[in-house]
Amino acid sequence: EGAISYIRRFWKGDVTAVLDPVFLLGSGEWEKIEIPPAREKYILVSCTERNPSLLRCARELSQRTGLPVVELRDTPPEADAPFSADCTAGPAEFLGYVRRADYVLSNSFHAAAFSIIFEKRFLAFAHSSFNARLQSVLRIHGLEGRLCTGDTDPAVIDTPVDWEAVRERTRSAVEKSEAFLFQNAAEGMQ
């Protein structure tokens, strides 16, 4: 939604924000392509950039719950890294990690999106420069309280979510997005 005013500067037609395509499939379709991790009972950390608040929250949540932290990384961890890491997870493994996690902590849009799709206990942390999509998807789903700032108490992750209301908001946003996409695909074919 944050890009609408920018796009309108270059396009005279209607500009509509649509839901990210990952929401056009339900959790069952995504489960078919996931590769589950060998481990169970963990807190998943997935960072697109290092975030000290997120890492502090992960440590505190781990201490409170007794669950280990698994971090998805694209580079090998330092020798003294506080968490176990997987540097080889591709998209299917990523889906498995998110779906099987007890908790998800991330500043990644897709980790937040799949946490919503899989109805996980999660917290999303602001990214230093790519934050608009994350804020938008949380607002669309009524989950603004899942966006953390530096002083967020990790216990907020256990605040109950009305997943039925979230599913209804997803259905509504998917219907609007599909209608726009189908209408414009049909117009493009003419």
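Here, the structure is the one placed above.
As the structure is a prediction and not an experimental result, all values here were calculated from the model.

Quick notes on the packing of helix α4 (residues 91–100) against helix α5 (residues 109–117)
At their nearest, the axes of α4 and α5 sit 9 Å apart, and the two run at 50° to each other. With respect to their mutual orientation, α4 and α5 come out oblique. Two packed elements cross with a definite hand, and for α4 against α5 that hand is right-handed. Here F94, L95 and V98 of α4 come into contact with α5, specifically with H110, A111, F114 and S115. The class makeup of the residues in the contact of α4 with α5 is five nonpolar, two polar and no charged.

What to know about the environment of E60
Position of E60 among the secondary structure elements: in helix α3 (residues 52–65). By relative accessible area, which is 32% here, E60 ends up partly exposed. The spacing of E60 and P154 is 94 residues in sequence and 7.0 Å in space, taken between C-alpha atoms.

Topic: the sheet that holds strand β6 (residues 147–148)
Within the open sheet, the six strands sit side by side as β3-β2-β1-β4-β5-β6. Their pairing is parallel. Taken across any chain shown, the strands that pair with only one partner, and hence form the sheet edges, are β3 (84–86) and β6. Running over the sheet, α5 touches β1 (43–46), β4 (103–106) and β5 (121–125) and is turned about 155° from β5.

Concerning the pattern of salt bridges
Throughout the structure, instances matching the rule amount to 14 salt bridges. Ionic pairing is found between R99 and E34, a salt bridge with its closest N-O pair at 2.6 Å. With R99 in helix α4 and E34 in the loop between α2 (27–33) and β1, the pair connects residues that are 65 residues apart, well separated along the chain. A relative accessible area of 24% places R99 in the partly exposed class. Since its relative accessible area comes to 9%, E34 is described here as buried. The salt bridge partner of E119 is R167, with a shortest N-O separation of 2.5 Å. Residue E119 is located in the loop between α5 and β5, and its partner R167 is located in helix α7 (residues 163–189); the two are separated by 48 residues in the primary sequence.

Considering the pairing of β5
Counting buried residues along β5, four of its five residues qualify, which places the element largely inside the surrounding structure. Pairing analysis gives four bridges linking β4 to β5, with the strands arranged parallel. Bridge pairing in β5 places S106 opposite A124. In the classification by handedness, the crossover that spans β4, the intervening α5 and the parallel β5 is right-handed. Note that β5 and β6 share two bridges and pair parallel. Within β6, the residue paired with A124 across the bridge is L147. Each parallel crossover has a hand, and the one from β5 via helix α6 (residues 132–140) to β6 is right-handed.

Quick look at the side chain of N107
When you line up the elements, N107 lands in the loop between β4 and α5. The exposure class of N107 is buried, given its relative accessible area of 2%. At 2.7 Å, the side chain of N107 forms a polar contact with the backbone nitrogen of T48. In contact with N107, not counting residues within four places along its chain, are S46, C47, T48, E49, N51, L54, F125, A126, H127 and L134.

What counts as what
Residues numbered from 1 in each chain as written. Predicted model: local features only at pLDDT ≥ 70, side-chain atom pairs only at ≥ 80, totals over all residues. Heavy atoms only, no water. Axes fitted to C-alpha atoms, helices over the stretch in contact; angles between N-to-C directions. Helix = DSSP H or I, 4+ residues; strand = E, 2+ residues; numbered from the N terminus. Parallel < 35°, antiparallel > 145°, perpendicular 65-115°, else oblique. Left-handed = near helix turned anticlockwise from the far one by under 90°. Contact = heavy atoms within 4.5 Å. Nonpolar A, V, L, I, M, F, W, Y, C, P; charged D, E, K, R; others polar. Buried < 20%, exposed > 50% of the residue type's maximum accessible area, 1.4 Å probe, protein only. Pairing = 2+ DSSP bridges. Salt bridge = Lys/Arg side-chain N within 4 Å of Asp/Glu carboxyl O. Right-handed = clockwise from strand over helix to strand, strands pointing away. Polar contact = N/O pair within 3.5 Å; in protein donor to acceptor, adjacent residues only side chain to side chain.

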